[in-house]
Amino acid sequence: MKYEPVGVFDSGVGGLTVAREIMRQLPKERIVYFGDTARVPYGSKSQETIIRYSRQIIRFLKTRNVKAIVVACNTASAFALDTIQPELDIPIIGVVKPGAKIAAETTRSGKVGVIGTEGTIRSRIYTETIAKHDPNIQVMAKACPLLVPLVEEGWLKDKITVEVATRYLQPFLESDVDTLIMGCTHYPLLRSMLRRILGNQVNLVNPAYETARGLKRLLQDNDLVNDGKCTADGKHYEFYVSDAAEKFMEFANNILPYDIDNTQLIHIEEY
Ligand code: DGL
């Protein structure tokens, strides 16, 4: 079982920021990535829909014999993880809890900001998870729905994106929040822009980084660490999408440390 891959899924390309962290921190692990590019975005959909989508994706990933699953999407972690976890016989980890934990541990002012999709913010999951770590921490949360399409358009440095981000971040600039969770998979790609807008006094938390660390612990605890030979050339990664494979590969090749040349299309509604 320990030589089987880790299944990683997201609504589309955003979860590649999580896959990238897993590649960096756990280079021996094989990965099967699924991006639900036909049904993205998840951030504006209902909880019932996201649970249904997540169950289908997990059924698909299990056909690839994954030994563990990473829900590399904040919205799916917020809406579906607690429901699907008890249904599974393999370990699963989402991105929200690791991100919330590190923010709660590192804030000095006791004021934490969270930005994410409408669904993630509406679920209040970051606020509630941080309160479990420390009920005295105040959480200021804001949905930033326009940032996802801007990132997908590749406008990572565009002045329109700066303008939109500045407007969303204004309430944080007027507060003494010292820690901001980038609670959406796309936002770490805007990290340097967010840093410029907020200044160095605000610590930016990337849940992807903490999730990869959490995955390492999860694999250790379940005796699932791949201790075999590492090829470290990107050949032990498989990519599947539900639509537009070419566009996915183009995006992936901009952000992953390895070039991928093979992304397969899956009819996810059949699972
Ligand atoms: N991957 C999603 C998330 O992290 C963002 C994109 C979407 O709305 O599907 O919440």
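Residues numbered from 1 in each chain as written. Predicted model: local features only at pLDDT ≥ 70, side-chain atom pairs only at ≥ 80, totals over all residues. Heavy atoms only, no water.

Visitor: Got a sec to walk through the pattern of salt bridges? Specific residues and values, please.
Guide: One pass over the full model with this rule turns up 15 salt bridges. Residue K67 is joined to E29 by a salt bridge in which the shortest nitrogen-to-oxygen separation is 2.6 Å. Highlighted residues: K67 in the loop between α2 (47–63) and β3 (68–71) and E29 in the loop between α1 (16–25) and β2 (31–35), separated in sequence by 38 residues. Residue K67 shares its accessibility class with E29, and that shared class is buried. Here E105 and K101 are joined by a salt bridge, their closest N and O atoms 3.0 Å apart. (Salt bridge = Lys/Arg side-chain N within 4 Å of Asp/Glu carboxyl O. Helix = DSSP H or I, 4+ residues; strand = E, 2+ residues; numbered from the N terminus. Buried < 20%, exposed > 50% of the residue type's maximum accessible area, 1.4 Å probe, protein only.)

Visitor: Outline α2, supporting the account with residue identities and numerical values.
Guide: In a regular helix each residue adds 1.5 Å, so 17 residues correspond to 24 Å; α2 covers 25 Å between its end C-alpha atoms and thus fits that length. Restricting attention to buried positions, one finds in α2 the residues I50, I51, Y53, S54, Q56, I57, I58, F60 and L61. Within two residues after α2, N65 carries a phi angle of roughly 60°, on the positive side. (Expected span 1.5 Å × (residues − 1).)

Visitor: Go over the site of the ligand, please, and point to the residues and values.
Guide: Residues in contact with the ligand amount to 13 residues; listed here are only the nearest, D10, S11, Y42, G43 and T75. Taking N74, its main chain carries an N or O atom lying 3.0 Å from an oxygen atom of the ligand. Protein contacts shield 99% of the accessible area of the ligand, which totals 300 Å² for the unbound molecule. Taken together, the residues that form the shell around the ligand break down as 5 nonpolar, 7 polar and 1 charged. (Near = heavy atom within 4 Å. Polar contact = N/O pair within 3.5 Å; in protein donor to acceptor, adjacent residues only side chain to side chain. Areas by Shrake-Rupley, 256 points an atom, 1.4 Å probe, with all protein chains shown as cover. Nonpolar A, V, L, I, M, F, W, Y, C, P; charged D, E, K, R; others polar.)

Visitor: A description of the packing of α1 against helix α12 (residues 245–255) should follow, citing residues and the corresponding values.
Guide: It is the contact of α1 with α12, at a shortest axis distance of 10 Å, that shows an interaxial angle of 45°. The orientation of α1 with respect to α12, classified from their angle, is oblique. Taken as a pair, α1 and α12 cross one another with a handedness that is right-handed. Counting all contacts with α1, which are made through L16, T17 and R20, the residues of α12 involved are F248, F251, A252 and I255. (Axes fitted to C-alpha atoms, helices over the stretch in contact; angles between N-to-C directions. Parallel < 35°, antiparallel > 145°, perpendicular 65-115°, else oblique. Left-handed = near helix turned anticlockwise from the far one by under 90°. Contact = heavy atoms within 4.5 Å.)

Visitor: Go over the packing of aromatic side chains with me, naming the residues and quoting the values.
Guide: Evaluated as defined, the whole model comprises 8 aromatic pairs. Here F34 and F60 contribute two aromatic rings whose centre-to-centre distance is 5.7 Å and whose plane-to-plane angle is 55°, an arrangement assigned as tilted. Taken together, the residues span a long stretch of sequence, with F34 in strand β2 and F60 in helix α2 at a distance of 26 residues. Grouping residues by exposure puts F34 and F60 together as buried. (Phe/Tyr/Trp six-rings, centres within 6.5 Å; stacked < 30°, edge-to-face > 60°.)

Visitor: How would you summarise the nonpolar core if you had to cite specific residues and measurements?
Guide: Counting 57 residues, the largest nonpolar core has L16, I22, V70, L147, L194, F239 and F248 as the members making the most contacts within it. Looking at this core element by element, the count peaks at 6 residues for α12. Filtering out sequence-adjacent residues up to four positions away, F248 remains in contact with G12, V13, L16, Y33, T37, F239, V241, I260 and T263. Membership of the second largest hydrophobic core comes to 26 residues, among which are V66, C73, I90 and I92. (Core = buried A, V, L, I, M, F, W, Y, C linked by side-chain atoms within 4.5 Å.)

Visitor: Give a detailed account of α12, specifying residues and quantitative values.
Guide: Along α12, the residues that are buried comprise A245, F248, M249, F251, A252 and I255. Buried positions in α12, seen along its axis, are confined to an arc of 165° and lie on one side of it. Exposed and oriented more than 90 degrees from the buried face of α12 are E246, K247, E250 and N254. (Arc of directions from axis to C-beta.)

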